[in-house]
Amino acid sequence: SSLSLSLLSGMNSLLLLSLVGVVAVAADELLSVNVVIRHADRSATSGWATPQSPSILFRGNGELTDDGIDNAFAQGKDFKERYVKSGFIDKRFLPSEVFVRSSAVNRCLMSAASFTNAMFKETPKDHAVIPPIFTKDDVDDGLLVPLLTCTDGWDDVVARLNLSSNVNVFQTSIVAMMKTEWPVACATVNPALVDAIIAELPNKLIDLPANYKACAQGPAKEFMYKYIELLAGAGNSYNELRLKRVAGLLTNELLGNFAAVANCATVPCSGQPKMRVYYTHDVNVIALSQIFGVLDVFEGVTPAFSSALVFETRRNAEGVYVKVIIF
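Just so it is clear, the structure is predicted and the values come from calculations on it, not from any experiment.

Reading guide: rules and limits
Residues numbered from 1 in each chain as written. Predicted model: local features only at pLDDT ≥ 70, side-chain atom pairs only at ≥ 80, totals over all residues. Heavy atoms only, no water. Axes fitted to C-alpha atoms, helices over the stretch in contact; angles between N-to-C directions. Helix = DSSP H or I, 4+ residues; strand = E, 2+ residues; numbered from the N terminus. Parallel < 35°, antiparallel > 145°, perpendicular 65-115°, else oblique. Left-handed = near helix turned anticlockwise from the far one by under 90°. Contact = heavy atoms within 4.5 Å. Buried < 20%, exposed > 50% of the residue type's maximum accessible area, 1.4 Å probe, protein only. Pairing = 2+ DSSP bridges. Expected span 1.5 Å × (residues − 1). Phe/Tyr/Trp six-rings, centres within 6.5 Å; stacked < 30°, edge-to-face > 60°. Salt bridge = Lys/Arg side-chain N within 4 Å of Asp/Glu carboxyl O. Nonpolar A, V, L, I, M, F, W, Y, C, P; charged D, E, K, R; others polar.

Asks: Any chance you could explain the packing of helix H6 (residues 169-180) against helix H9 (residues 219-232) here in plain terms?
Replies: The description of two packed helices rests on the angle between their axes and on the distance between the axes. At a minimum axis separation of 11 Å, H6 and H9 run at an interaxial angle of 150 degrees. Taken together, the axis directions place H6 and H9 in an arrangement best described as roughly antiparallel. In this structure, H6 meets H9 at a crossing whose hand is right-handed. Between H6 and H9, the contacting residues are Phe170, Gln171, Ser173, Ile174, Met177 and Met178 on the first element and Phe223, Met224, Lys226, Tyr227, Leu230 and Leu231 on the second.

Right under this line is the structure:
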């Protein structure tokens, strides 16, 4: 399912200013697509919900699961229907049309490969065509990996959770939240398993205990959303500095992408890919959703694996606008 929001009048002034001076045309025309996606299903970054989990999720903690590979592929087929079969993107894959950028974390890179594997026509010998996936070392990637290690910008969190220091707040804050904000409905579940029960809940091969399922289906996701929101500086934990650190560079790049095709004299725009795909993490998705005014779509629960924000730059009789679609 998807939610479409027209940002013709609702986008911030920076974007509106970047789109001035374009020539209006009669038809509604798609100019470019920018996609920001959370990686597909993974195992918990640490810990396991059941004794059988390590053998079923055999790639290890934090790695993409077989379900994740299948789901990323299925999502790629959805995008193929929308953008390739419609004729907007060439089914053979042209490097000039599609640019893929991913966080260097394995689960993101593998998600990007599976997603793009589904989009394009195979070679005459039935081999998959996978676009090159560009990346950068995760310790230096301010675009797609959340920057959480700085010591400033956490004063509100330190005060709220009564932390002893502003060092490593991204780690100490969740421990404090587990002590003070752990859901009553999850009282029989070890808080340290929160990531594991959420990650393993959809896996049909893993039989979670009833109390784990009850916690994971709602309260645990709400708890993790509060934590992710805190890290992102979004929503009820709004903090401009943290928000800029997590999504500032990506927001700036997206605005530049929108403006480049909006002010281009030709369609397609020479030198500009028709589609850009960015594979990233839940914290980045939440921060970007705050900036573009679509945070409410998550309804207070942690973004599902493969959650995608799609930005279509379009032109109609009134000018150029950006349409946001949530997959």
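Asks: Teacher, can you tell me more about the pairing of strand E7 (residues 319-326) here?
Replies: Extensive coverage of E7 is indicated by the burial of 7 of its 8 residues. Where strand E6 (residues 308-316) meets E7, 8 bridges bridge the pair, whose relative direction is antiparallel. Looking at the pairing, phenylalanine 311 lines up with valine 324 of E7. Hairpin connection of E6 to E7: 2 residues between the antiparallel strands.

Asks: Just to check I follow, could you spell out helix H4 (residues 106-117) for this structure?
Replies: Counting along an α-helix, one turn takes 3.6 residues, and residues three or four places apart therefore face a common direction. When the terminal C-alpha atoms of H4 are compared, their 16 Å separation across 12 residues agrees well with the 16 Å that a helix rising 1.5 Å per residue should span. If you check which residues of H4 are buried, you get Arg107, Cys108, Ser111, Ala112, Ser114, Phe115 and Thr116. Contact partners of the buried residues in H4: strand E2 (29-38), helix H3 (66-84), strand E3 (98-103), strand E4 (133-136) and strand E5 (275-280).

Asks: Help me out: how do you make sense of the packing of aromatic side chains in this one?
Replies: To describe a pair of aromatic rings, you give the distance between the ring centres and the angle between the ring planes. Counted by the stated rule, this structure contains 11 aromatic pairs. Between phenylalanine 79 and phenylalanine 327 the ring centres are 5.0 Å apart and the planes differ by 40 degrees, which places this aromatic pair in the tilted class. Linking phenylalanine 79 in helix H3 with phenylalanine 327 in the segment after E7, this pair joins segments that are 248 residues apart in sequence. Judged by centre distance (5.7 Å) and plane angle (40 degrees), the ring pair of phenylalanine 258 and phenylalanine 311 falls under tilted. One end of the pair, phenylalanine 258, is in helix H10 (residues 240-262); the other, phenylalanine 311, is in strand E6, and 53 residues separate them in sequence. We note that phenylalanine 258, like phenylalanine 311, is buried.

Asks: Just checking my understanding: could you explain the pattern of salt bridges for this structure?
Replies: Two side chains bearing opposite charge may form a pair once their charged atoms approach each other closely. Counted by the stated rule, this structure contains 15 salt bridges. Residue aspartate 141 pairs with arginine 101 through a salt bridge whose shortest N-O separation is 3.1 Å. Placement of aspartate 141 in the loop between E4 and helix H5 (155-161) and of arginine 101 in strand E3 is noted, with a sequence separation of 40 residues between them. Aspartate 141 gets classed as buried once you look at its relative accessible area, which sits at 3%. Taken together, the salt bridges that share partners define one network made up of Asp28, Arg82, Glu312 and Arg314.

Asks: Sorry if this is basic, but what is going on with the environment of serine 86 here?
Replies: As for its placement among the helices and strands, serine 86 is situated in the loop between H3 and E3. Serine 86 sits 69 residues away from aspartate 155 along the chain, and the two C-alpha atoms are 50 Å apart.

Asks: Where do I start with the packing of H10 against helix H11 (residues 282-291) in this structure?
Replies: Direction vectors running N to C along H10 and H11 enclose 70 degrees, while the axes themselves pass 9 Å from each other. Comparing their axes, H11 and H10 come out roughly perpendicular. The element H10 and its partner H11 pack so that their crossing is right-handed. Along its contact with H10, which presents Leu243, Val246, Ala247, Leu250, Thr251 and Leu254, the element H11 presents Val283, Asn284, Ala287, Leu288, Gln290 and Ile291. Class assignment of the residues belonging to the contact of H10 with H11 gives a composition of 9 nonpolar, 3 polar and no charged.

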